[in-house]
2 protein chains.
Amino acid sequence: MTLQDIAKQFNTSISTVSRSLNAPYHVKNSLRYKIKEYALEMGFMPNLVATNLRKKQTNIIGVIVPFISNNFYESFLACLDEICQKENYYMMVLQSLNDINKEWLNITMFKRLNVSALFICLANNSHNYSKMSALFASQFPVIYFDKVPNTNQVFKIESSDRIATELALNQLFKKRPRYIVGIFGNDNTSIVRNRLVSFYDFIKTKSLQGKGIQVNCEEDCKRQLQQLFFFNKDTPNAIFCMSDELLIWTMKFIQRSQLKYPKEVDIISLSNGIIPNYFFPEIEYVLTSGNEMASLCYAFFKDIKNDLVNKNGEARSIKPKYFKKNLR
Amino acid sequence: MTLQDIAKQFNTSISTVSRSLNAPYHVKNSLRYKIKEYALEMGFMPNLVATNLRKKQTNIIGVIVPFISNNFYESFLACLDEICQKENYYMMVLQSLNDINKEWLNITMFKRLNVSALFICLANNSHNYSKMSALFASQFPVIYFDKVPNTNQVFKIESSDRIATELALNQLFKKRPRYIVGIFGNDNTSIVRNRLVSFYDFIKTKSLQGKGIQVNCEEDCKRQLQQLFFFNKDTPNAIFCMSDELLIWTMKFIQRSQLKYPKEVDIISLSNGIIPNYFFPEIEYVLTSGNEMASLCYAFFKDIKNDLVNKNGEARSIKPKYFKKNLR
DNA sequence: ATGAAAGCGCTAACAG
DNA sequence: CTGTTAGCGCTTTCAT
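No experiment lies behind these values; they were computed from the predicted model shown.

### Comments concerning the pattern of salt bridges
1) Next: By the definition in use, this model includes 20 salt bridges over all chains.
2) Next: Between Lys175 of chain B and Glu284 of chain B there is a salt bridge, with its nearest N and O atoms 2.6 Å apart. Taken together, the residues span a long stretch of sequence, with Lys175 of chain B in the loop between helix 8 (161–174) and strand 6 (179–185) and Glu284 of chain B in strand 10 (residues 284–287) at a distance of 109 residues.
3) Next: Taking relative accessible area as the criterion, Glu284 of chain B reaches 0% and is therefore assigned buried.
4) Next: Ionic pairing is found between Arg223 of chain B and Asp220 of chain B, a salt bridge with its closest N-O pair at 2.7 Å. Remark: Asp220 of chain B and Arg223 of chain B occur in helix 10 (residues 218–230); sequence separation between them is three residues, near one turn of the helix.
5) Next: Several salt bridges converge on common partners, so that one network encompasses Arg162, Glu166 and Asp201 of chain A.

Here you go:
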């Protein structure tokens, strides 16, 4: 069923039908009502592909993340999805699997689909952003979030790694820890680097005993923690985990070693709030939720869109706030 | 940059350019090479929207799931994504949030986008499938998976709830349990019903003592388990969880109550294999992975697609196999 | 208030 | 092997 079909039904033209459905004020009321009713009754659904081709706009917001199945991105996507629905956009998600070739493939896909905007969290070591910025540039906004390029020439929303890390460490600090272990991923992303540096800065400022370890798998994590907890003179009594995944590995170690927390060892994590509640007692954490970042991305997008129209588009960066949870 | 632009560059027609790029055998080699090279160099990307309008085909496989952030769907999506990439399809995911209105919105969206196929796991209590089947019907295949309509008139891939449940219970049975608790969701889905019935059938057949409880939240789960474990004459010594979420709640109870497993209570779960490894010792489980279902969906789709061409399309249903993991 | 017509970028049937 | 042409379904300008 197309506009054509409806037009025939009323012995009128395609334009009139189109106008009845979209720009009501230009069609005689009586006719308009009849057309709308008929369209509704027949379940007419305008072909998006045709509309998009004509309008050169899709109302699709393309999102690229390394993995869909990650607590942080999940919360980001859930929130963005909700916003999009309210605002009459469609969210389309593709994952890069941290593969920069796949990332590029996804980018071109979105370009060819004429998406209205691209929100992207870069794959590790991605250098695609230079090509990409050129590609979309003046046509559609590209907003980088979470893992962002190291340049000021783009729109980006970074995670405030330093603030979140300090918030968590301060929480541990209140309970006068003797020796803090920081557990970090061992990939070379800005996130890991920032959190690691903030960790050591904090340790230094507070004149604490502390050690940051970088682990690449559960086994590695276990090995390093065993070393620290059972083969050292000084036993740590506080742990900071920079992510959910690391928290899981750490908790496996804790349970295996039958260490009591928070009594023998105090634990805090950066998290989007799901995993820490899988354990009893619940783990303290600083909420680094994707929700806020999604809201910021969308707000940023609307802002830029207007700017693009006014030709004032200019690189800017925003940082979200963080909150502590499950505190004792 | 469009075909037009390239055509001008070589003083030739749009068709020749199009053919050079898509149907090489119809263009003189020398010209073809030059055109392809030029297109590559200039980073030409054919407009998908135009192609789709013309071909009435999008190469997008639309997927609707209740939630993206669910271990089972994650594995399904990850696997399907991989397949799609290999086969030159794009996977587009929308979530219904178990809201049948949002589900319907998503369905119409996919319809209007002319997707090549729709894979859908129904929202709880959805009755949209009757309208939907009519909508897509002969045009595109609709494949229902996991939560499927209770009719034989559609293409569907069900989970083999009975087989998976029996596999898990048999594993418990080997260790001669005195009293098995089965923990089930309390939504009225076919999955819950099937697993619950299988549970009781098994208990009966083996003449075991057993009780199935249905819980709707962590608190409820705790309350009911406390009752069974601490306020009853007979204490259960084996637990069967029908899903990951229930396993998490159960483990919270176990840890809180300081029950030892597998010594004091043996635990097994149906799972897609992530959550059971969050605990130490790891929990035994029967793998109900989304991966296999994704493969089956895609294979089914290709099959139906050919059938549709041959006008032999006929409702069929397939069931996947399951495997046990983490066994002791 | 309405219709005719152009055209978004592409493919494919047809003619040569 | 190549160009011309029609048209996918829709929006929008320009007449009337």
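### A word on the packing of aromatic side chains
The way to describe two aromatic rings as a pair is by their centre distance and the angle between their planes.
1) Next: Enumeration according to the criterion identifies 34 aromatic pairs over all chains in this entry.
2) Next: Here the aromatic residues Tyr89, Phe119, Tyr298 and Phe301 of chain A are joined through ring pairs into a cluster of three or more.
3) Next: The cationic tip of Lys131 of chain B hangs over the ring face of Trp104 of chain B; the distance from NZ or CZ to the ring centre is 4.0 Å.
4) Next: Taking NZ or CZ as reference, Arg176 of chain B lies 5.5 Å from the ring centre of Phe173 of chain B, over its face.

### Notes on the relation of the copies chain A and chain B
1) Next: Once chain A is rotated about the relating axis by 180 degrees and shifted along it by 0.0 Å, it coincides with chain B to within an RMSD of 0.1 Å. In the structure described here, the two chain copies are related by an operation that fits a two-fold rotation axis.
2) Next: A high fraction, 100%, of the interface residues of chain A reappear at the interface in chain B, so the copies pair face to face through one surface.

### Observations concerning the interface of chain A and chain B
Note: interface size is frequently given as the accessible area lost on complex formation between the parts.
1) Next: Taken residue by residue, the interface counts 41 residues in chain A and 41 residues in chain B.
2) Next: Ranking the residues of chain A by area buried against chain B places Arg112, Tyr278 and Phe280 of chain A at the top, with a combined share of 18%.
3) Next: Linking chain A with chain B are four salt bridges, by the criterion used here.
4) Next: Lys102 of chain B is the partner of Asp81 of chain A in a salt bridge, and the nearest nitrogen-oxygen pair spans 2.7 Å.
5) Next: Counting every contact that joins chain A to chain B gives 16 residue pairs in polar contact (both at pLDDT 80 or more).
6) Next: Elements that contribute at least two residues to the side of chain A that touches chain B include exactly helix 4 (48–55), helix 5 (71–86), strand 2 (90–95), helix 6 (100–112) and helix 11 (244–257) of chain A.
7) Next: Classifying every residue of the side of chain A that touches chain B gives 22 nonpolar, ten polar and nine charged.

### What about the packing of helix 8 of chain B against helix 9 (residues 190–205) of chain B?
Residue and element names in this part refer to chain B.
1) Next: With their axes 9 Å apart at the nearest point, helix 8 and helix 9 run at an angle of 40 degrees to one another. For the element pair helix 8 / helix 9, the angle class is oblique. When the axes of helix 8 and helix 9 are compared, the crossing they make is right-handed. Every residue of helix 9 that contacts helix 8 at Asp161, Arg162, Thr165, Glu166, Leu169, Asn170 and Phe173 is listed here: Ser190, Ile191, Asn194, Arg195, Val197, Ser198, Phe199, Asp201 and Phe202.
2) Next: For the contact of helix 8 with helix 9, a count of residues per class yields six nonpolar, five polar and five charged.

### Overview of the protein's contact with DNA strand D
1) Next: Lining the immediate environment of DNA strand D, one finds 26 residues, of which Arg54 of chain A together with Thr12, Ser15, Thr16 and Arg54 of chain B sit closest.
2) Next: Sugar and phosphate atoms represent 59% of those atoms of DNA strand D found within 4 Å of the protein.
3) Next: Separating a phosphate oxygen of DNA strand D from a backbone N or O atom of Asn47 of chain A is a distance of 3.2 Å.
4) Next: In this structure, Thr16 of chain B approaches DNA strand D through a side-chain N or O atom, which is 2.6 Å from a phosphate oxygen.
5) Next: Put simply, the parts of the chain that give the surface near DNA strand D at least two residues each are helix 2 (14–22) and helix 4 of chain A together with helix 2 (14–22) and helix 4 (48–55) of chain B.
6) Next: By residue number, the principal contributor to the surface near DNA strand D is helix 2 of chain A, which donates five residues.

### Re the domain arrangement of chain A
All names here are of chain A.
1) Next: Along its sequence, chain A is carved into domain 1 (3–46), domain 2 (58–159 + 290–318) and domain 3 (161–287).
2) Next: Distance between the C-alpha centres of domain 2 and domain 3: 31 Å.
3) Next: Taken together, the contact between domain 2 and domain 3 spans eight residues of the former and ten residues of the latter.
4) Next: Summed over both sides, the interface of domain 2 with domain 3 buries roughly 670 Å², with 44% coming from carbon and sulfur.
5) Next: For the pair domain 2 and domain 3, the interface holds zero salt bridges.
6) Next: In this structure, the connection of domain 2 to domain 3 is made through two residue pairs in polar contact (both at pLDDT 80 or more).
7) Next: If one sorts the elements of the side of domain 2 that touches domain 3 by residue count, helix 5 sits on top with three residues.
8) Next: Grouping the amino acids of the side of domain 2 that touches domain 3 by side-chain chemistry returns one nonpolar, five polar and two charged.

### Details of the pairing of strand 6 of chain B
All names here are of chain B.
1) Next: Of all seven residues in strand 6, seven are buried, a share of seventy percent or more.
2) Next: In strand 6, alternate side chains face the same way, and those of Tyr179, Val181, Ile183 and Gly185 on one face and Ile180, Gly182 and Phe184 on the other are all buried.
3) Next: As judged from the seven bridges shared by strand 6 and strand 7 (residues 209–215), these two strands associate in the parallel manner. Following the sheet pairing, Ile180 is matched in strand 7 by Gly210.
4) Next: In this fold, strand 6 hands off to helix 9, which returns the chain to strand 7; that crossover is right-handed.

### Details of helix 6 (residues 100–112) of chain B
Residues and elements named next belong to chain B.
1) Next: Counted at 1.5 Å a residue, the expected span for helix 6 with its 13 residues is 18 Å, and the 18 Å between its end C-alpha atoms agrees.
2) Next: What helix 6 keeps buried is the set Lys102, Glu103, Asn106, Ile107, Thr108, Met109, Phe110 and Lys111.
3) Next: By the N-cap criterion, in which a side-chain oxygen at the helix start approaches the backbone nitrogen of a residue two or three places on, helix 6 is capped by Asp99, the distance to Asn101 being 2.7 Å.
4) Next: Looking one or two residues beyond helix 6, the residue adopting positive phi is Asn114, at roughly 60 degrees.

### Description of unusual backbone geometry
1) Next: Cis geometry is adopted by the peptide bond preceding Pro281 of chain A, which originates at Phe280 of chain A and carries an omega value of -5 degrees.
2) Next: With respect to the helices and strands, Pro281 of chain A occurs in the loop between strand 9 (266–271) and strand 10 (284–287).
3) Next: The omega torsion of the bond from Tyr261 of chain B to Pro262 of chain B falls at 0 degrees, within 30 degrees of zero and hence cis.
4) Next: Look at Ser207 of chain B: it is not a glycine, yet its phi comes out positive at around 50 degrees.

### Points about the side chain of Asn128 of chain A
1) Next: Within the element layout of this structure, Asn128 of chain A appears in helix 7 (residues 128–136).
2) Next: Ignoring anything within four residues of it in the chain, the contact list for Asn128 of chain A reads Ile100, Glu103, Trp104 and Ile107 of chain A.

The rules behind these values
- Residues numbered from 1 in each chain as written.
- Chains lettered and ligands numbered in written order.
- Predicted model: local features only at pLDDT ≥ 70, side-chain atom pairs only at ≥ 80, totals over all residues.
- Heavy atoms only, no water.
- Salt bridge = Lys/Arg side-chain N within 4 Å of Asp/Glu carboxyl O.
- Helix = DSSP H or I, 4+ residues; strand = E, 2+ residues; numbered from the N terminus.
- Buried < 20%, exposed > 50% of the residue type's maximum accessible area, 1.4 Å probe, protein only.
- Phe/Tyr/Trp six-rings, centres within 6.5 Å; stacked < 30°, edge-to-face > 60°.
- Lys NZ or Arg CZ within 6 Å of the ring centre and 35° of its normal.
- Least-squares fit on C-alpha atoms with pLDDT ≥ 70 in both.
- Contact = heavy atoms within 4.5 Å.
- Buried area = accessible area lost by both parts, 1.4 Å probe.
- Polar contact = N/O pair within 3.5 Å; in protein donor to acceptor, adjacent residues only side chain to side chain.
- Nonpolar A, V, L, I, M, F, W, Y, C, P; charged D, E, K, R; others polar.
- Axes fitted to C-alpha atoms, helices over the stretch in contact; angles between N-to-C directions.
- Parallel < 35°, antiparallel > 145°, perpendicular 65-115°, else oblique.
- Left-handed = near helix turned anticlockwise from the far one by under 90°.
- Near = heavy atom within 4 Å.
- Domains from an automatic or database assignment.
- Pairing = 2+ DSSP bridges.
- Right-handed = clockwise from strand over helix to strand, strands pointing away.
- Expected span 1.5 Å × (residues − 1).

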